[in-house]
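Next come the chains, spelled out residue by residue.
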Amino acid sequence: MTEQHAMADIVIVGAGLVGLPLAQVLAAQGRQVVLLDAQGPVLSGDEGESEDAAWQLRQRCTAVSLGTQRWFARHGLWSALAEDAAAIRQVVVSHKGYFGTTRLRAAEMGVDALGHVLNNQHLVSALQPLLAQSTVDHRTSSSVVAVRHHEDSVDVLLEGGDRVRGRLLIAADGVGSVVRESAGIGTRQVDYQQAAVLSMLQLEDAHDDVAHERFTDSGPLALLPRKGPYMNVVDCIETEQQEPIRALDDAAYLARLQSRFGFRLGRFAAVGPRLVLPLVRIEATAQTASRTLLLGNAVRLLHPVGGQGYNLAMRDVESLLQLLAQQGDGDPGDPDLLSAFVAARRADQQHVVRFTDTLARGFRGKASLPGHVRSAALLGLDMVSPLRRRFAARTMGLFS
């Protein structure tokens with residue numbers, strides 16, 4: 001793999017939450033893997049950072065389902081992540097202003113935790129050192145400028161003139177994927193007319209490992225437990241509220257957040273810097289092209305309600321690995337393999353898109369009658385144990 005134009009089995013573009021663990025597992029299965037990372041090495045910890053910078057590092061998080069956590073554990077990666085992981089042992093789903101509530105409990109499902117919350121930067125920085133113990137050819141500061149497709153290979157052209165060749169190209173380079181664009185794959189977009197305010201909340205009391213998904217007039221409000229008296233906040237708002245909320249100081253925003261959520265968690269003590277992002281669903285018109293496969297946000301960006309996006313992406317990863325393992329030493333870019341992958345993943349992907357769309361659109365608005373109907377649905381779900389267990393199993397990623 002030291003020769004500039006040597007043929008790799010698989011070239012992965014993007015060393016983030018999807019590409020990084022995928023590269024390590026592919027290498028462990030005996031594949032020759034080149035991992036192209038546009039960034040330099042990610043530093044862990046908050047040493048030397050200002051207080052605001054430390055809060056900002058912690059505010060981007062991912063809710064990892066039990067199914068995803070078990071995938072990391074099976075491949076020997078969870079031990080590197082466990083120290084930062086905050087367990088979710090109960091999820092409370094409620095509707096502001098109404099009585100309906102659904103509670104999903106780990107104990108009822110016979111598991112220790114329904115899932116875990118991980119800091120995005122910690123996930124990457126904790127897994128990066130493991131690359132040195134693998135056969136992955138990890139190339140940092142390697143930005144892709146173009147892709148050339150051939151019958152038996154793909155050439156990836158990098159800034160500075162270098163070229164990497166592989167039999168299969170995997171795009172894990174995010175929503176603005178250069179690989180997707182180079183492959184001529186378009187996108188479809190749905191604008192939810194919402195934005196998400198991401199922040200870190202400090203509580204006066206303990207959260208007791210309980211995550212909250214609270215539906216409000218302007219959209220869902222999620223509070224996810226972190227280590228200590230902290231919770232990550234995903235506060236969905238109407239588009240026109242973005243600038244007024246940006247203009248609030250911390251005390252005013254904290255008061256607003258307390259009013260929207262209520263006092264189920266006691267009084268809120270402090271809130272960190274806010275990041276406001278528009279909420280759109282972006283889907284690629286195809287997941288594959290010639291010797292090319294899109295994964296993660298390169299193929300699909302979902303509304304954050306229910307925390308389904310990353311876990312869906314990791315089920316895509318698991319399916320790909322299974323197909324490659326069944327293939328043995330065959331060509332990983334074989335069109336038949338890519339077609340089999342698309343067929344195997346279609347139903348799950350479509351279901352999750354419908355599920356998140358229903359939650360994002362259905363539990364929003366000020367009309368009284370729909371509000372009572374939605375409340376009754378939550379209350380009914382909480383009262384019928386088989387339905388609640390089925391709902392919990394899907395959110396945990398425990399289904400075939």
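Figured I'd write up the structure that's included with this text. (Residues numbered from 1 in each chain as written. Predicted model: local features only at pLDDT ≥ 70, side-chain atom pairs only at ≥ 80, totals over all residues. Heavy atoms only, no water.)

1. Some remarks on the packing of aromatic side chains
On inspection of all chains with the given rule, the structure shows two aromatic pairs. Measuring from centroid to centroid gives 5.2 Å for tryptophan 71 and phenylalanine 72, while their planes differ by 80°, and the two rings are edge-to-face. Taking the relative accessible area as the measure of exposure, tryptophan 71 reaches 2% and is therefore buried. Residue classification places phenylalanine 72 among the buried positions, given a relative accessible area of 0%. (Phe/Tyr/Trp six-rings, centres within 6.5 Å; stacked < 30°, edge-to-face > 60°. Buried < 20%, exposed > 50% of the residue type's maximum accessible area, 1.4 Å probe, protein only.)

2. As for the packing of helix α3 (residues 66-74) against helix α10 (residues 309-327)
Across the interface, α3 lies against α10 with an axial gap of 9 Å and an inter-helix angle of 40°. The orientation of α3 relative to α10 falls into the category oblique. Once α3 is placed against α10, the crossing between them reads as left-handed. Taken together, the residues of α10 that come into contact with α3 (itself represented by Thr68, Trp71, Phe72 and Arg74) are Tyr310, Asn311, Met314, Val317, Glu318 and Leu321. Partitioning the contact of α3 with α10 into residue classes produces six nonpolar, two polar and two charged. (Axes fitted to C-alpha atoms, helices over the stretch in contact; angles between N-to-C directions. Helix = DSSP H or I, 4+ residues; strand = E, 2+ residues; numbered from the N terminus. Parallel < 35°, antiparallel > 145°, perpendicular 65-115°, else oblique. Left-handed = near helix turned anticlockwise from the far one by under 90°. Contact = heavy atoms within 4.5 Å. Nonpolar A, V, L, I, M, F, W, Y, C, P; charged D, E, K, R; others polar.)

3. Thoughts on the environment of arginine 60
Within the element layout of this structure, arginine 60 appears in the loop between α2 (51-59) and β3 (61-65). Here arginine 60 falls in the partly exposed class, since its relative accessible area comes to 37%. When the C-alpha positions of arginine 60 and valine 234 are compared, they lie 9.6 Å apart, and in sequence the two are 174 residues distant. Among all residues touching arginine 60, those that are not within four sequence positions of it are Leu118, Asn119, Asn120, Leu198, Asn232, Leu275 and Leu277.

4. Here's the deal with the pairing of strand β15 (residues 230-238)
With eight of its nine residues buried, β15 lies for the most part within the structure. Relative to β15, strand β12 (residues 187-203) runs antiparallel, the two being bridged by nine bridges. Bridging from a neighbouring strand, valine 197 pairs with aspartate 235 of β15. Taken together, the five bridges between strand β14 (residues 219-225) and β15 define a ladder with antiparallel strand orientation. Residue pairing across strands places leucine 221 opposite aspartate 235, the latter belonging to β15. As consecutive antiparallel partners, β14 and β15 are separated by four residues, and within that stretch glycine 228 has a phi angle of approximately 80°, a positive value. (Pairing = 2+ DSSP bridges.)

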